[in-house]
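Analysis of the macromolecular model
What follows is each chain in one-letter form.
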Amino acid sequence: MATTDRSLELISKEFGVEFSGKSKWDTLRGTLSRTLKAAASVADRRSQASSQGPQQWRLPLELLEQIVDHLHNDVATLRSCALVCRSLVASVRHYLFHRIVITGKNFVNAILLFVKNPHLTGHVRELYFEGGDGTAFESLRALLEGKDPPKLLRVFALVIAPRLSNVVRLTVKDIPFDAGVVAMFASPFPRLHTLSLFDCWFRCNADLDALVRAHPGVHTLRCGRLCSRYGASDHDYDVQPDPAKLAMRSLKVTEAYSPSPLTLMPWLVTHVEPETLVYTLYRLSQVAKLNHIIAGYASMRHLHVILYHWRKEDTKEVIDCPQAMAITPYYPPNLTTLTLDAKLHSLLLAVHILAQLDPHAFVRLSTVNITAHLKVEDVEAVDIEAWAGMDQTLSVLLSLGAVNFTNACRDTTHVEAGVNAIVKRLPVLNVRKVLSFAAQKPHT
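Below is a short write-up of the structure. Source: prediction; values computed, not measured.

All right, on to the overall build of the protein then. In terms of helices and strands, the protein carries 19 helices and 15 strands. Out of the 444 residues in the protein, the part that is buried amounts to 49%. Restricting the contact set of the protein to residue pairs at least 6 apart, pairs at least 24 apart contribute 84%. Accessible surface, the protein: about 21900 Å² in total, of which carbon and sulfur atoms supply 53%.

Our focus in this paragraph is the packing of aromatic side chains. Under the defined criterion, the tally for this structure stands at seven aromatic pairs. Judged by centre distance (4.7 Å) and plane angle (55°), the rings of phenylalanine 137 and tryptophan 201 are tilted. Separated by 64 residues along the polypeptide, phenylalanine 137 in helix H8 (residues 136-144) and tryptophan 201 in strand E6 (residues 201-202) bring together distant segments of the chain. Given a relative accessible area of 26%, phenylalanine 137 falls into the partly exposed group.

Moving on to the sheet that holds strand E4 (residues 176-177). Pairing within the open sheet is parallel, and its three strands lie in the order E4-E6-E8. Of all the strands in the sheet, the pair left with one neighbour each is E4 and strand E8 (227-228). Relative to E6, E4 is paired through two bridges, and the arrangement is parallel. Paired with proline 176 across the strands is tryptophan 201, a residue of E6.

The next subject is the pairing of strand E10 (residues 272-281). Of all ten residues making up E10, eight are buried, and the element is well covered by its neighbours. Relative to strand E11 (residues 302-307), E10 runs parallel, the two sharing six bridges. Each residue of the ladder has a partner; that of leucine 277, found in E11, is leucine 303. With helix H13 (residues 286-294) bridging E10 and its parallel neighbour E11, the resulting β-α-β unit is right-handed.

Below, the discussion takes up the sheet that holds strand E12 (residues 337-341). Taken together, twelve strands build an open sheet; the order of strands is E1-E2-E3-E5-E7-E9-E10-E11-E12-E13-E14-E15 and the sheet is parallel. At either margin of the open sheet sits one strand with a lone partner, and together these are strand E1 (99-102) and strand E15 (435-438). With direction set aside, neighbouring strand axes in the sheet form an average angle of 15°. Two strands pair when backbone bridges link them, and strand E9 (residues 246-254) and E10 are joined in this way by seven bridges, in the parallel orientation. Across the sheet, lysine 252 pairs through a bridge with valine 278, a residue of E10. Along the sheet, helix H18 (residues 415-425) makes contact with strand E14 (402-407) and E15, crossing E15 at roughly 165°.

Here the focus is the state of the cysteines. Working definition of a disulfide: a covalent bond connecting the sulfur atoms of two cysteines. Counted according to the given criterion, the structure contains zero disulfides. Its sulfur unpaired, cysteine 200 is 9.2 Å from the next cysteine sulfur, which belongs to cysteine 223. Its relative accessible area of 0% is what places cysteine 200 among the buried residues.

The next thing to look at is the packing of helix H7 (residues 107-116) against helix H9 (residues 151-160). Following both chains from N to C, one finds H7 and H9 inclined at 15°, their axes separated by 11 Å at the closest point. In terms of their interaxial angle, H7 and H9 are classed as roughly parallel. When the axes of H7 and H9 are compared, the crossing they make is left-handed. Contact residues: Phe107, Ala110, Ile111 and Phe114 in H7; Leu152, Val155, Val159 and Ile160 in H9.

With respect to burial, helix H11 (residues 205-213) is a largely interior element, seven of its nine residues being buried. By the burial criterion, the buried members of H11 are Asn205, Ala206, Asp207, Leu208, Asp209, Leu211 and Val212.

So, about the packing of helix H4 (residues 61-70) against helix H6 (residues 89-96). It is the contact of H4 with H6, at a shortest axis distance of 10 Å, that shows an interaxial angle of 20°. What the angle tells us is that H4 and H6 run roughly parallel. In this structure, H4 crosses over H6, and the sense of that crossing is right-handed. Facing H4, whose interface residues are Glu65, Val68 and Asp69, H6 presents Ser91, Val92 and Tyr95. When its residues are assigned to classes, the contact of H4 with H6 shows three nonpolar, one polar and two charged.

Below, the discussion takes up a nonpolar patch on the surface. A cluster of nonpolar side chains, namely Leu59, Leu63 and Ile67, defines an oily patch on the protein surface of about 220 Å² accessible area. Counting through the fold element by element, isoleucine 67 comes out in helix H4.

What follows deals with the side chain of threonine 194. Within the fold, threonine 194 resides in strand E5 (residues 194-198). According to the relative accessible area criterion, threonine 194 is buried, its value standing at 10%. Of note is the side chain of threonine 194, whose polar atom sits 2.8 Å from the side chain of histidine 193. If we ignore the near neighbours within four places in the chain, the residues touching threonine 194 are Val168, Arg169, Leu170, His219 and Thr220.

Here arginine 203 is to be found in the loop between E6 and H11. Taking the C-alpha atoms as reference points, arginine 203 and phenylalanine 137, separated by 66 residues in sequence, lie 9.6 Å from one another. Within polar-contact distance, the side chain of arginine 203 engages the side chain of aspartate 207 at 2.8 Å.

In total, this model carries ten salt bridges according to the counting rule given. In this structure, aspartate 341 engages lysine 343 in a salt bridge whose closest nitrogen and oxygen atoms are separated by 3.2 Å.

For the bond running from tyrosine 331 to proline 332, omega is 10°, close enough to zero to count as cis. Examined against the element boundaries, proline 332 turns out to sit in the loop between helix H14 (312-320) and E12. Not every positive phi belongs to a glycine, and aspartate 199 is a case in point at roughly 55°. Following the sequence through the fold, aspartate 199 ends up in the loop between E5 and E6.

Rules used throughout
- Residues numbered from 1 in each chain as written.
- Predicted model: local features only at pLDDT ≥ 70, side-chain atom pairs only at ≥ 80, totals over all residues.
- Heavy atoms only, no water.
- Helix = DSSP H or I, 4+ residues; strand = E, 2+ residues; numbered from the N terminus.
- Buried < 20%, exposed > 50% of the residue type's maximum accessible area, 1.4 Å probe, protein only.
- Contact = heavy atoms within 4.5 Å.
- Areas by Shrake-Rupley, 256 points an atom, 1.4 Å probe, with all protein chains shown as cover.
- Phe/Tyr/Trp six-rings, centres within 6.5 Å; stacked < 30°, edge-to-face > 60°.
- Pairing = 2+ DSSP bridges.
- Right-handed = clockwise from strand over helix to strand, strands pointing away.
- Axes fitted to C-alpha atoms, helices over the stretch in contact; angles between N-to-C directions.
- Disulfide = S-S within 2.5 Å.
- Parallel < 35°, antiparallel > 145°, perpendicular 65-115°, else oblique.
- Left-handed = near helix turned anticlockwise from the far one by under 90°.
- Nonpolar A, V, L, I, M, F, W, Y, C, P; charged D, E, K, R; others polar.
- Patch = residues over 30% accessible without salt bridge, like charges linked within 9 Å, V, L, I, M, F, W, Y side chains within 5 Å.
- Salt bridge = Lys/Arg side-chain N within 4 Å of Asp/Glu carboxyl O.
- Polar contact = N/O pair within 3.5 Å; in protein donor to acceptor, adjacent residues only side chain to side chain.

So, to be careful, I would describe these as geometric facts and stop short of saying anything about function.
Structure, rendered in structure tokens:
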């Protein structure tokens, strides 16, 4: 206890953090005081059980652990399990502390939790850190003027992160990165394999290069709205990006509606070689950008396009000019899997994309996956010519072995009628027996 108090005192003195006597763990997803109390009361229960005579029968531990595994997403029930059965405390901790969210509102509680309970740090596998509220650019500008990084960022990188060495998935949002901040993030996560960066500002492209290369185990990179202050300019800095490309299992890019362009996209195209690209399309103007990206990826074998609900103006333009949805990958063709996630409202867009495929550019395509609302009304909302174009285009691909449709919603009552409507519109693919339908997404 004295060591813990001393650590908190040093942290308070160094970073100016004030610790109150009362703490609430509920703002940290998966962390709670009731679980800690349950763990602390184990010794008392043992002494009570021994004084009450022989123990009564209980379920085998293996069966109890299977029950906990089944409840892994039910936080409230997991809390109750930890309170009623001491044998479950260790198993429950694994899920309750598996994912932690740290923001400006709860970072003091995070410090207290992990400093006072170091045995919990090993359970954390997924970590989400939000460094600000749209202030990354201002913070980067302050760094370039010689000021210190924001207090929250320093506390996270120097106090919290080094205690969480088992993290395998790290998501950071709204962070300014210069060479110093990159260095702070270089060593705390030796097991990291998935890195997600959203709304972050980098001093230059070389800093993003250094951040990714500092974690050689990373095989999945997720990027959203990343910006670089100086881009590829090197007149102010001696550091240069490593010319060797980064081989990635998966690169996921989302832009959404943002006042700042994804200025680091050119770096991702020229420095990353992904096997799978996941790209989110929010509007028609992004199709040309997607084509520019995939035209440079010789290593890409799988393309996954997510289609959110588009604006009416963009959808109307697609109907008037379907050629605008044409996708042009790298040539010579290497793509084997095309996945279109149309959510609940974008089946029309998915059908138009498939209708506009160039068979010569997809000669190796073996699997098409479509996630959409399999409802008659949605199927009928797509022009019959678009369905016919999809049927004709895909039917000439001799390598195509499967066209898999999956219902995007939990309601399955409309699926049978929706499937019949699709089969009626894709007669050639139906004759080739490549169509398959699933009423629900598989649980992961």
